[in-house]
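# Chain and residue survey
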Amino acid sequence: MSHLLELQDLHVDFRTREGVAQVLNGVSCHVDAGETLAILGESGSGKSVTAQAIMGILDMPPAVVRSGRILYQGQDILAMSENARRELRGTQIAMVFQDALSALNPVFTVGWQISEALRVRQGMDRGAALERAVELMERVKIPAARARLQDYPHQFSGGMRQRVMIAMALALHPKVLIADEPTTALDVTVQAQIMDLLAELKQQLGMALILITHDLGVVASVADRIAVMYAGRIVEQSDVYELYRRPAYPYTRALLESIPRLDRGGEPLKVIRGLPPNLQRIPPGCPFHPRCPIEQPRCRELLPPEVAVGPQRLSACHRAQEVLNGTA
Amino acid sequence: MTAYLIRRLLQMMLTFVGATFIVYALMFSIASDPLQALAGDKPLNPSQRAQLTAQYHLDEPFIKQYGYYMKGLVTGKFGRAISGRQIADVMAEAWPRTLQLGLIALLIAIVLGISGGVYAGLRRGGAFDQTSLALTLVVIGTPIFVIGTVFQSVFAVELGWFRPSYAPELGIATYILPAIVLGLLSLATGMRLTRTSVAENLRSDYVRTASSKGLTRRRIVAVHVLRNSLIPVVTFLGTELGGLMSGAMVTEGIFNIPGIGGRLFQGIRLEDGPLVVTIVSLLILIYLVTSLLVDLLYAVLDPRIRHG
Amino acid sequence: MTKSRLTTPGLLLAAIAVTLLAGCGKKPGAAAPQDLVVSIGIGEPKSLIPSSTTETEGAKVMDALFTSLVDYDKDMRPVDLAAESITTQDNKVWVIKLLPGWTFHNGEPVIADSYINAWNAGAWGPNAHDGNNFFVKIAGYDAMNPTRKGATPTAKKLTGLRKLDDLSFEVTLTSPYVNFKSMLGYTAFLPLPAAAFTDLANNQIDPAFQDAPIGQGPFRMQGKWQHDQLIQTVRYEKYAGAGKPHVAGVDFKIYQTQTTQYQDLLAGQLDIVPQIPLENLSGAIADLGARYKTSPASTIQILAFPTFDPRFSKVEIRRAISKAIDRDEIIQKIFLTSQAPLRSFVSPLVPGYRPNTCGEACVFNPQKARALFNAAGGPAAVKGRIEIAYNVDGGHKPWVDATCNQLRTNLGVECLGNPQPKFAEMLTKAEHKEPMGMFRMGWVFDYPAMENYLWPLYSTHGSSNYYGYSNPQFDHLVEAGDQAATPEAATALYQQAEDLLVRDVPVLPLRYALNSFGHSTRVANVEMDMFFRVKLLDLTAAPN
C-alpha cells in the first residue's frame, strides 16, 4: 500500500548567476494520515525547501527540481500540470508559515483572507464563507472570533496571528498539513499552545502533519517520527522515542547533547563545531565529515548510503551501527 | 477619522491664507511697474497712468493692496486683471481646460504607468522591462518642452494623427496629445515605481501564502500583489496632480491650450498681482485637496495607517 | 470586481483610440471660392475698442471689422478711404466729409457723430484707453486729461470736434499739424455706433461691446470674441467700401506662440501665419516655397547711447562703435535675411526717407573703427567695458551676443550682453539713470510720417527718448516741420533735423524688419500691409 505522501530521491538545485547550489540531494521520506513527521535541521539544511517543493511554491527560477518524485496518494505530483497541482493546494496539502505577520496580507481583513479560498475555490457566497471563517477561527480557539473578523493582521498578537494562519490552512480540509517553523517567532508559552493546538487538530481531523523545525525540544511531544536533515539530505530517520534514546547519526547525537537537560545538570553543554557547508561546494564524501567528531578517512571520500539500522530506522553514516551502539 | 479630517481642513485653511499672503508679497516685491509692462514697448501717457494707478490701487501700500484682494476673494469678487478682463471670467474659462488636461494626463499616467509597471514587474529583465527602463531614462532626462515640440512635429504635423494645437470642436480628444506629453514624466516614474513595487511584493511571504491556498497566479497578482503595490504608487501619482497642473504651463504653451498656464505666464509678465495670486491660490488649493485625498486614500488602501 | 479591474485599462485605451480616430484627419476640405473662410493666426488682442487698440494683434482684427478714414498709397501718402474728403487751409482746422451710404453691421448709418462720439470716448481720461494719447493734438484734450492724481477732468468733450452736418465734421488742433491726415489711418480714429455706448454724455462704452464689436468694415463679428481661442468674422454684405471681400469670412485663431501657428500651418489647420518666428524661418523657406513671403515692415531696431553714461559722451566713441558693427553679417547669420540693414534714422517706409543718411558712421570698417576708438581714448575711455542691455523676453540675445563679439574683435574692448527681465524694467532703469550700458530699442510707426520717428525717439521731450538726447535745434526743426504749410515743406525740415542726428549719433540705426509670413495652399493673393495686417480685401481662394 502506498503512503499518503511520499518523497522519492528528490533533488533540487538553486541556479543563480553565482553558481548552482544543490539544496536537496536525494530526499526520501513519507508520511501517513494521522501521523506527524518532524523534519529537523539547522537553517540551510533544506527543510523549508522540502516543504515548499511539496507545496509546489518554490520560486522557479532559481529553483529547479533536478530529479525525484513526490507521490501523493500514489500519484507523482511533479508530473502533474500546474493547474492540477494548484487544485491540490489547500484542498489536499496545506501549509502554515513561520512568520504570520509577513505571511498574511497586510491590507485585507483576516475574515476576508480566511474566507478567500472558500469563495474562490468552492464558490461559496460571501456570507456563508464568512460564517465558515468564524467557525474556523473558533476551532483554532481565537476568542471572540466573530468580532475579530473585520480586523487586520497587524491588530492581532503573534500567537493569535499564527492561529489565523492555521485556520486559513484548514479552510479546505487538507489531508496533509505542513507547518514550517510555526512557532519560531513566538515566545515560549505561546509556542507550547500552538504545538498543542496543532497536535489536537491533527488528531481531530485525521490529517498527516509535517512539522518543520530546528528545535528538537519542540518536536519531542508532538512528532511520531523524525527526519533529520543535513546539507540537503535526510541523514537519519527514526521514531521519536528511539531517536532520543539512541541516536544513529553523529549530528543527531550532537544536537541532543546541545539541549540543556535537567538530568545532566552541571555538565557543560556540547556545541557542534564548525559551520554548515556551503551548498555550492558540498564537501566530497560525507558532507558532515568536516564537523564530525568521529570522522574516518573513508568519510572524506565515500558518500555514505542510507541504511536501515533498525525497524523504521535509517541512518546515512558509515559508522551508524557504532553510533547507535554508543561505541563510536 | 472625523477629528482628523477637521484638523486637516483647518490646516488647509491656514496654509491657504499663508500661501496667498506669501505669493502676494512676492508679486508685490517683483512688480516694478505693471502699467508699463502692460503697455509693452510703448510709452504710457500720464493721464492714463493716473487713472489705472487709482483703479488698481497701485500706489497704495502692500498691506492695503492685499486687503483689497482678500476682501474680493472672500466676497467672491476677484476683480479685474490688469489686462482688463474679469478675473472670475478668466478663471471660469481657463481652469476647466487645465483641469481636463491635468486629469487626462494623470489618467494616462495611471493607466499606462500602472499596467506597464505591473507587466514589467511580472517579467523583470524581459524585453519590455529593459526597453521601458531605457525610455524612462530618456524621458526623465529630456525637458518637457523638447518632448512637446518633438511630439507635436511628429504625431501632429508629420503623421497627422492629432492636431498640433487646441481644437475645441474635437472635444476631449484635443487634449490627448498634450496630455501624453504632460503625463509622460509621471507615467515613466509611476511605471518604474509600480515595477519595483510589484517585483518586491511578488517576493513577499503573503504571495507564497496566497499560492499555497491554491489561488491562480492571475488572482494573486490582480488582488494580492496589486493592492499592496499600489500603495506607494497612489501616493506618488496623487501628489503628481498638483505638479501636473503647474507643469501644464509649458504644455499649454506648445499646444496653444487656453488654460491656466498661459494666463499665469501673462500675469507674471504683466506683474498682475491679483491674477497671479488667484491662479496660484487655486493651484495651492488643488494641491492641498489632492494631498488630503491622497492621505485619505492611503488610509483606505493601507489599514496599518488607518489604525496606526 | 477584480477581473474588471484588470480589464479597465484596456477599455480606456480602446476609448482613447476611438476618440483619436474620430478626431484626426479632419483637414479643411476644399470650398467654393466665395465660401472660403480664411483662418489667420494672431495673439490674444488686448482690447477690441478702436481707441484702446494700440497693439498689432487687436489691430489685425479691427482691420476686418472697421475701415479707416484714410489708406496709404504706394508712396505712403494718405488717400481717402471711408472719407469723401479731408481738407484744411492751415493744417490746424480740418474738415472731414464722410462718404454717404455707409452703415454699421447693426444697420446704423455711419455719420459724423459716430466719429465724434468715438473720439471723445477715446480722449476721455477716466476711460484710460490705450490710444488716448493720439487725441492729444485735438483742442480740448488737456481739460479731459488731468495728470495730477485724484483730479477730475473739467470737460467731457473735445472742444476741437464740431459737427457740421450728418456727414461732415470739423477738427480743430491746438497747433497746425501737417501729418494729421496721415494720422487718421490709425485705429484710434475709427468710428463707433451709438449702440456701443451706455451713456453717451459721459463717454461710457458698454463693457460688453468689445466682446462683439460692431464696425463698418468688410467683415462683421460672427458670435463673440472667444478669449484666447477664436474671433470669427463673416463677410458684411452691405459693406460700402470700394473694394469687396472675395472670401466668405475670416477666422482669427488666437495663439500663445507663433511657433504653434507655424505647426498648424504645416498641418493644414491654419491658412495664414502673419509672422513666422525666427526659429522656424529656415524650415519655412524649405517647407513653403513660394508660399513663404516677405514684406516691408515699419519696425526699426536701434542701439541707444544713454547720455547719463559718461562712457558714451564722446561722439567719436559712438561712431567707432557704429563702424565696428557688421550689420550685414548679423542679418545673414542670425536673421537669415528676414531683416534688412538700416543706415538712416527713420524707416524706409515713410515719405522723406533717404537711404544711408548715417553715411560714413554706419559703414562697417574695422580698421577705421579701431583707429577712431583708440584716438578717442580706447578701452580706457569706456572704463574697459561696453555692455548692451536687452530684454530677455524678446529673443534678442543672439544678435546682442553677436554684436558684442564684433565689438570685442574689432575694437579690442570687452563687451557683454546685459540681460534685463522685461523691457519695462529697462525703461525704469533708464528713467532712473542707472548705467546699464547701451540698450536696445525698437520702434514701430503708428502712421507713415518721418515725424512719427523723429519726435518720440529723438526730441527732448519725446515719449520714448529714454536715453536723454537733447538738441534744441533738432526740436525746433521737427516742430517747424509739423507746422509747415505743405507736406513737401515739412519733409525738407524733417530731413534737416535728421541731418543733425547724423552729426550727433545719439543712437545707432541697426536694422529694419521685413515681415516674414506664410500661407496655406487654400488661399492666394496673400499680402501684408506695413502694419502687420493681412490685406483682407485682396485675399482669394487658391485656384484649383
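Above this text sits the structure in question.
Residues numbered from 1 in each chain as written. Chains lettered and ligands numbered in written order. Predicted model: local features only at pLDDT ≥ 70, side-chain atom pairs only at ≥ 80, totals over all residues. Heavy atoms only, no water.

### A word on the overall build of chain A
A count of helical and extended segments in chain A gives 13 helices and twelve strands. For chain A, the C-alpha radius of gyration of 21 Å lies close to 20 Å, the compact-globule estimate for 328 residues. Counting across all 328 residues of chain A, residues that qualify as buried make up 55%. Across chain A, every contact between residues at least 6 apart in sequence was considered, and the portion connecting residues at least 24 apart equals 65%. By element, 52% of the accessible surface of chain A is carried by carbon and sulfur atoms, the whole surface being about 14,100 Å². Charge separation in chain A, taken as the distance between the mean sites of 35 positive and 35 negative side-chain charges, equals 2 Å. (Helix = DSSP H or I, 4+ residues; strand = E, 2+ residues; numbered from the N terminus. Rg over C-alpha atoms; globule rule 2.2 N^0.38 Å. Buried < 20%, exposed > 50% of the residue type's maximum accessible area, 1.4 Å probe, protein only. Contact = heavy atoms within 4.5 Å. Areas by Shrake-Rupley, 256 points an atom, 1.4 Å probe, with all protein chains shown as cover. Lys, Arg positive; Asp, Glu negative; His and termini not counted. Charge placed at Lys NZ, Arg CZ, Asp CG, Glu CD.)

### Structural notes on the interface of chain A and chain B
A common way to state how big an interface is: give the accessible area lost once the parts meet. Opposite the 29 residues of chain A that make contact, chain B presents 21 residues. Summing the contributions of chain A and of chain B, the shared interface buries around 2,200 Å²; its carbon and sulfur component is 57%. The tally of links from chain A across to chain B stands at two salt bridges. In this structure, Arg219(B) and Glu116(A) form a salt bridge, with 2.8 Å as the shortest nitrogen-oxygen distance. Linking chain A with chain B are eleven residue pairs in polar contact (both at pLDDT 80 or more). (Buried area = accessible area lost by both parts, 1.4 Å probe. Salt bridge = Lys/Arg side-chain N within 4 Å of Asp/Glu carboxyl O. Polar contact = N/O pair within 3.5 Å; in protein donor to acceptor, adjacent residues only side chain to side chain.)

### Let's talk about the layout of surface pockets
Here the second largest pocket is characterised by a volume of approximately 1,000 Å³. Around the second largest pocket sit 28 residues that line it, and Leu58(A), Asp59(A), Met60(A), Pro61(A) and Arg217(B) are the ones nearest its centre. Only helix H1 (47-55) and helix H2 (82-88) of chain A together with helix H5 (87-122), helix H9 (205-212) and helix H10 (217-255) of chain B provide two or more residues apiece to the lining of the second largest pocket. Residue composition of the lining of the second largest pocket, grouped by class: twelve nonpolar, eight polar and eight charged. (1 Å grid on protein atoms, 1.4 Å probe; cavity = no way out; pocket = protein on both sides within 12 Å on 5 of 7 lines; lining within 4 Å. Points joined across faces, edges and corners; volume = space filled by probe spheres on them. Nonpolar A, V, L, I, M, F, W, Y, C, P; charged D, E, K, R; others polar.)

### With respect to the state of the cysteines
All names here are of chain C. Inspection of the entire model under this criterion finds two disulfides over all chains. Between Cys358 and Cys362 runs a disulfide, and the two sulfur atoms are separated by 1.8 Å. Measuring handedness by torsion sign, the sulfur bridge of Cys358 and Cys362 sits at about 80° and is right-handed. For the residue pair Cys358 and Cys362, the accessibility class agrees, reading buried in each case. In this model, Cys404 is linked to Cys415 through a disulfide, with the two sulfur atoms separated by 2.0 Å. Handedness here is read from the sign of the S-S torsion; for Cys404 and Cys415, about -60°, the answer is left-handed. Of this pair, Cys404 sits in helix H12 (residues 397-411) while Cys415 sits in strand S17 (residues 414-420), and the two are eleven residues apart along the sequence. (Disulfide = S-S within 2.5 Å.)

### Things to note about the pattern of salt bridges
All told, the structure shown has 49 salt bridges over all chains when counted by the stated rule. With a shortest N-O distance of 2.4 Å, Lys46(C) and Asp130(C) are connected by a salt bridge. Of this pair, Lys46(C) sits in the loop between strand S1 (37-42) and helix H2 (56-65) while Asp130(C) sits in the loop between helix H3 (112-123) and helix H4 (141-144); the two residues are 84 residues apart in sequence, bridging distant segments of the chain. In this structure Asp130(C) comes out as buried when scored by relative accessible area, which is 18%. Asp309(C) is the partner of Arg311(C) in a salt bridge, and the nearest nitrogen-oxygen pair spans 3.0 Å. Each of the two residues, Arg311(C) as well as Asp309(C), counts as buried. One network of salt bridges, with partners in common, ties together Glu236(A), Glu242(A), Arg245(A) and Arg313(A).

### Some words on the sheet that holds strand S1 (residues 5-16) of chain A
Residue and element names in this part refer to chain A. Taken together, the four strands give an open sheet; going across it, the order is S2-S1-S4-S5, and neighbouring strands pair in antiparallel fashion. Both outer strands of the open sheet, strand S2 (19-31) and strand S5 (75-76), are each paired with one neighbouring strand and no more. Judged from the ten bridges that link them, S1 and S2 form a sheet pairing that is antiparallel. The residue bridging Glu6 from the neighbouring strand is His30, located in S2. Across the sheet, H1 is in contact with S1, S2 and strand S4 (63-72); its angle to S1 comes to roughly 110°. (Pairing = 2+ DSSP bridges. Axes fitted to C-alpha atoms, helices over the stretch in contact; angles between N-to-C directions.)

### Re the nonpolar core
Leu69(C), Trp119(C), Val171(C), Phe439(C), Tyr458(C) and Tyr467(C) are the most contacted members of the largest nonpolar core, which totals 124 residues. Considering each element in turn, this core owes the most residues, seven residues, to H3(C). For Leu69(C), the residues in contact, after removing those within four places along its chain, are Val79(C), Asp80(C), Leu81(C), Ala82(C), Ala83(C), Ile86(C), Ile96(C), Leu98(C), Tyr115(C), Trp119(C), Leu184(C) and Phe189(C). Counting 110 residues, the second largest nonpolar core, distinct from the first, contains Ala63(A), Ile93(A), Met168(A) and Leu186(A). (Core = buried A, V, L, I, M, F, W, Y, C linked by side-chain atoms within 4.5 Å.)

### What to know about the packing of aromatic side chains
Residue and element names in this part refer to chain B. Applying the stated criterion to the full structure yields 33 aromatic pairs over all chains. Geometrically, the ring pair formed by Phe21 and Phe62 is edge-to-face, given 5.5 Å between the ring centres and 70° between the ring planes. Taken together, the residues Phe21 in helix H1 (residues 2-30) and Phe62 in helix H4 (residues 62-74) connect sequence positions 41 residues apart. Accessibility expressed as a relative area gives 34% for Phe21, which makes it partly exposed. (Phe/Tyr/Trp six-rings, centres within 6.5 Å; stacked < 30°, edge-to-face > 60°.)

### Description of the sheet that holds strand S4 (residues 83-88) of chain C
Working definition: the strands of a sheet are paired by backbone hydrogen bonds and lie parallel or antiparallel to each other. All names here are of chain C. If you walk across this open sheet you meet the four strands as S4-S5-S7-S6, and the pairing is antiparallel. The sheet is open, and its two edges are formed by S4 and strand S6 (161-165), each paired on a single side. Strand-to-strand twist across the sheet, computed as the mean angle between neighbouring axes with direction ignored, equals 20°. With five bridges joining them, strand S5 (residues 93-98) and strand S7 (residues 168-172) adopt antiparallel strand pairing.

### Considering the environment of Val294(B)
All names here are of chain B. For Val294, the location among the structural elements is in helix H12 (residues 273-301). With a relative accessible area of 6%, Val294 lands in the buried category. The spacing of Val294 and Leu237 is 57 residues in sequence and 8.8 Å in space, taken between C-alpha atoms.

### Comments concerning the pairing of strand S18 (residues 438-443) of chain C
Residues and elements named next belong to chain C. Burial of S18 is extensive: six of the six residues sit out of reach of the surface. Where burial is concerned, the two faces of S18 agree: the one with Met438, Arg440 and Gly442 and the one with Phe439, Met441 and Trp443 are both buried. The pairing of strand S14 (residues 292-304) with S18 spans five bridges and is classified as antiparallel. Within S18, the residue paired with Leu303 across the bridge is Arg440. The sheet contact formed by strand S16 (residues 385-391) and S18 spans two bridges and is parallel. For Ala389, the partnering residue across the bridge sits in S18 and is Phe439.

### Looking at helix H5 (residues 126-139) of chain A
All names here are of chain A. With 14 residues, H5 extends 20 Å between its outermost C-alpha atoms, agreeing within 8% with the 20 Å of an ideal straight helix rising 1.5 Å per residue. All buried positions along H5 are accounted for by Ala129, Leu130, Arg132, Ala133, Val134, Leu136 and Met137. If you follow the buried residues of H5, they end up packed against helix H4 (110-122), helix H6 (145-148) and helix H7 (158-170). At the N-terminal end of H5, a side-chain oxygen is found 3.1 Å from the backbone nitrogen of Gly127, two or three residues along, and the residue is Asp125. (Expected span 1.5 Å × (residues − 1).)

### Observations regarding the side chain of Thr20(B)
Residues and elements named next belong to chain B. Looking at the secondary structure, you find Thr20 in helix H1. Judged by relative accessible area, which is 0%, Thr20 ranks as buried. Aside from chain neighbours lying at most four places away, what touches Thr20 is Tyr66, Met70, Val277 and Ser281.

### Regarding helix H8 (residues 176-202) of chain B
Taking 1.5 Å of rise per residue, the 27 residues of H8(B) would be expected to cover 39 Å, yet its terminal C-alpha atoms sit only 33 Å apart, more than 12% below that figure. Counting buried residues in H8(B) gives 21 out of 27 residues, a clear majority hidden from the surface.

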